[in-house]
Amino acid sequence: MIRVKKALIPAAGLGTRFLPATKSIPKEMLPVVDQPILLYVVEEAVRAGIEDIVLIAGRGKHAIEDFFDRSYEVEDQLLKAGREDLLQRIQRIRDMANIISIRQKEALGLGHAVFCGQPVIGNENFAVLLGDEIMYSEPGEPTVIEQLAKIFIETGLSTVAVMEVAPQDVEKYGIVAAEKTRDGYFRVSEVIEKPTVQSAPSRLALPGRYIFTPQIFDYLRDAKPGKNNEIQLTDAMTALAKNQGLLSTLFQAKRFDAGDKLGYLIANIELALMRPDLGPQLKQYLRGLAREIS
Ligand code: UTP
């Protein structure tokens, strides 16, 4: 049976939109409520049964490595303070998966970041989860990676998540040209990086969840810089679609674009509202605020 056991999480972007906060730490390490964005992403992969996680890191690589490593000092202090609850939470992080970090020496684009993982991924199928996008699925519901894995296992074809976006948002995303199949998913013929709304073949955008066969590396190996002078993953995806085939599916989950300032604020509010320890008080505060500003 085809299985997906490895995941790659790119977290080596420059995080320009969050400067100066991201001058010394990667934006993927910014907290949403009380855990880094990256931990939500790793948790999604682990929930899908992923065993090995390859983190592509750049500036601030040590902050990422330390987070997933044992911290004797913190653990010792929590033990002495009798904070069993927090201690367990901290220990769970270091035991949740095999974390392997690789440095992307220069932020040359998402395609380049994915190619940096090739020595560890090797000849295996793998998932890619963008490190600054949180996909919230209710407990018991399949995560986005599980939704993709189901189609991948059925068909053996690389499968990526898509979502329908408003016309004014088309130029912010990779957009697919695709035809609906009888099974309800889309067969992709081309992927275009950030097209204008006039030239876009559809409004189906890539939010940052993918499952690839290792053939994607064949197209990334010799990839030339494309749009914005970056090595684009979307160019390699078009080659994959034309040669091996590529499917896409509309995913079910609540998506938070935590790599964008407004998306980051929304993620903090909505995920805090879901928390029993914070939700009721935050809701009360927001109700009062809404009255004040309306
Ligand atoms: P983004 O374009 O959202 O990240 O890339 P960025 O470049 O850091 O953002 P700004 O515009 O400067 O604020 C999507 C994901 O791909 C990773 C990023 O870390 C992010 O998780 N990425 C991007 C890399 O790992 N390497 C790259 O060269 C580019």
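All of these numbers come straight from a predicted model, not from anything done at the bench. (Residues numbered from 1 in each chain as written. Predicted model: local features only at pLDDT ≥ 70, side-chain atom pairs only at ≥ 80, totals over all residues. Heavy atoms only, no water.)

*Asks:* Can you walk me through the overall build of the chain in this structure?
*Replies:* A count of helices and strands for the chain gives 11 helices and 14 strands. Its C-alpha atoms give the chain a radius of gyration of 20 Å, near enough to 19 Å, the size a compact globule of 294 residues would have. Principal axes of the C-alpha set define a box for the chain whose edges measure 60 × 50 × 40 Å. Across the 294 residues in the chain, those meeting the buried criterion constitute 46%. Within the chain, contacts between residues separated by at least 24 positions form 76% of all contacts whose residues are at least 6 apart in sequence. Carbon and sulfur atoms make up 51% of the accessible area of the chain, which totals about 15,100 Å². When the 36 basic and 39 acidic side-chain charges of the chain are each reduced to a single mean position, those positions are 2 Å apart. (Helix = DSSP H or I, 4+ residues; strand = E, 2+ residues; numbered from the N terminus. Rg over C-alpha atoms; globule rule 2.2 N^0.38 Å. Buried < 20%, exposed > 50% of the residue type's maximum accessible area, 1.4 Å probe, protein only. Contact = heavy atoms within 4.5 Å. Areas by Shrake-Rupley, 256 points an atom, 1.4 Å probe, with all protein chains shown as cover. Lys, Arg positive; Asp, Glu negative; His and termini not counted. Charge placed at Lys NZ, Arg CZ, Asp CG, Glu CD.)

*Asks:* Help me understand the site of the ligand, please; the structure alone is not making it clear to me.
*Replies:* What surrounds the ligand is a group of 19 residues, the closest being Gly15, Thr16, Glu28, Gln104 and Gly109. At a separation of 2.8 Å, an oxygen atom of the ligand approaches a polar backbone atom of Ala12. One of the side-chain N or O atoms of Thr16 is found 2.6 Å from an oxygen atom in the ligand. When residues of the shell around the ligand are traced back to their parent elements, those giving at least two are β1 (6-11) and α5 (110-116). The residue makeup of the shell around the ligand, split by class, is 9 nonpolar, 6 polar and 4 charged. (Near = heavy atom within 4 Å. Polar contact = N/O pair within 3.5 Å; in protein donor to acceptor, adjacent residues only side chain to side chain. Nonpolar A, V, L, I, M, F, W, Y, C, P; charged D, E, K, R; others polar.)

*Asks:* What exactly am I supposed to notice about a nonpolar patch on the surface here?
*Replies:* Residues Leu262, Leu265 and Ile266 make up a contiguous nonpolar surface patch of about 280 Å² in total accessible area. You can see Leu265 is positioned in helix α10 (residues 261-273). (Patch = residues over 30% accessible without salt bridge, like charges linked within 9 Å, V, L, I, M, F, W, Y side chains within 5 Å. Salt bridge = Lys/Arg side-chain N within 4 Å of Asp/Glu carboxyl O.)

*Asks:* How should the nonpolar core be read in this particular structure?
*Replies:* As a rule of thumb, nonpolar side chains are buried together in soluble globular proteins. Within the largest apolar cluster, 37 residues are counted, with the highest numbers of intra-cluster contacts made by Ile9, Leu38, Ile53, Ile64, Phe68, Ala127 and Leu129. Leave out the neighbours within four places in its chain, and Leu38 touches Ile9, Glu28, Met29, Leu55, Ile64, Phe68 and Gly131. (Core = buried A, V, L, I, M, F, W, Y, C linked by side-chain atoms within 4.5 Å.)

*Asks:* Just checking my understanding: could you explain the pattern of salt bridges for this structure?
*Replies:* Oppositely charged side chains can pair when the atoms bearing their charge come close. Scanning the model with the defined rule gives 21 salt bridges in all. Between Glu75 and Arg70 there is a salt bridge whose closest N-O contact spans 3.5 Å. Notably, a salt bridge pairs Lys80 with Asp76, separated by 2.8 Å at the nearest N-O pair. You can see Lys80 and its partner Asp76 sitting in helix α3 (residues 72-80), 4 residues apart, about one turn around the helix. Residue class for Lys80 comes out exposed when judged on its relative accessible area of 69%. For Asp76, a relative accessible area of 34% gives the class partly exposed.

*Asks:* Help me understand the packing of aromatic side chains, please; the structure alone is not making it clear to me.
*Replies:* To describe a pair of aromatic rings, you give the distance between the ring centres and the angle between the ring planes. Taken as a whole and assessed by the stated rule, the structure comprises 6 aromatic pairs. The interplanar angle of 90° and the centroid separation of 5.0 Å between the aromatic rings of Phe67 and Phe68 together place this pair among those described as edge-to-face. Residue classification places Phe67 among the partly exposed positions, given a relative accessible area of 23%. On the basis of relative accessible area, Phe68 is assigned to the buried category, the value being 7%. Ring centres of Phe126 and Phe217 lie 5.1 Å apart, and the angle between their planes is 0°; this geometry places the pair in the stacked category. Residue Phe126 is located in strand β6 (residues 126-129), and its partner Phe217 is located in helix α8 (residues 216-221); the two are separated by 91 residues in the primary sequence. No difference in accessibility class separates Phe126 from Phe217, as the two residues are buried. (Phe/Tyr/Trp six-rings, centres within 6.5 Å; stacked < 30°, edge-to-face > 60°.)

*Asks:* Which parts of the structure should I look at to understand unusual backbone geometry?
*Replies:* The phi torsion of most residues other than glycine is negative, and most of the peptide bonds are trans. The omega angle of the peptide bond from Leu19 to Pro20 is 5°, so this bond is cis rather than trans. Mapped onto the elements, Pro20 comes out in the loop between β1 and β2 (31-32). The phi dihedral of Val33 falls on the positive side, at around 60°, and the residue is not glycine. Locating Val33 in the fold gives a position in the loop between β2 and β3 (35-36).

*Asks:* I would appreciate a short explanation of the packing of α10 against helix α11 (residues 279-293) in the present structure.
*Replies:* Helices that pack against each other are described as a pair by the angle of their axes relative to one another and the distance between those axes. Running from N to C, α10 and α11 point in directions that differ by 125°, and their axes come no closer than 8 Å. What the angle tells us is that α10 and α11 run oblique. Facing α10, whose interface residues are Ile269, Ala272 and Leu273, α11 presents Gly279, Leu282, Lys283 and Leu286. (Axes fitted to C-alpha atoms, helices over the stretch in contact; angles between N-to-C directions. Parallel < 35°, antiparallel > 145°, perpendicular 65-115°, else oblique.)

*Asks:* Teacher, can you tell me more about helix α7 (residues 144-155) here?
*Replies:* Along an α-helix, residues three or four apart share an orientation, since each turn contains 3.6 residues. With 12 residues, α7 ought to run about 16 Å at 1.5 Å a step, and its terminal C-alpha atoms sit 17 Å apart, in line with that. Listed in full, the buried residues belonging to α7 are Val144, Ile145, Gln147, Leu148, Ala149, Ile151 and Phe152. The elements touched by buried residues of α7 are α1 (37-47), β6, β7 (133-136), β8 (158-164), β12 (209-212) and β13 (246-250). Just beyond α7, the residue with positive phi is Gly156, at close to 75°. (Expected span 1.5 Å × (residues − 1).)

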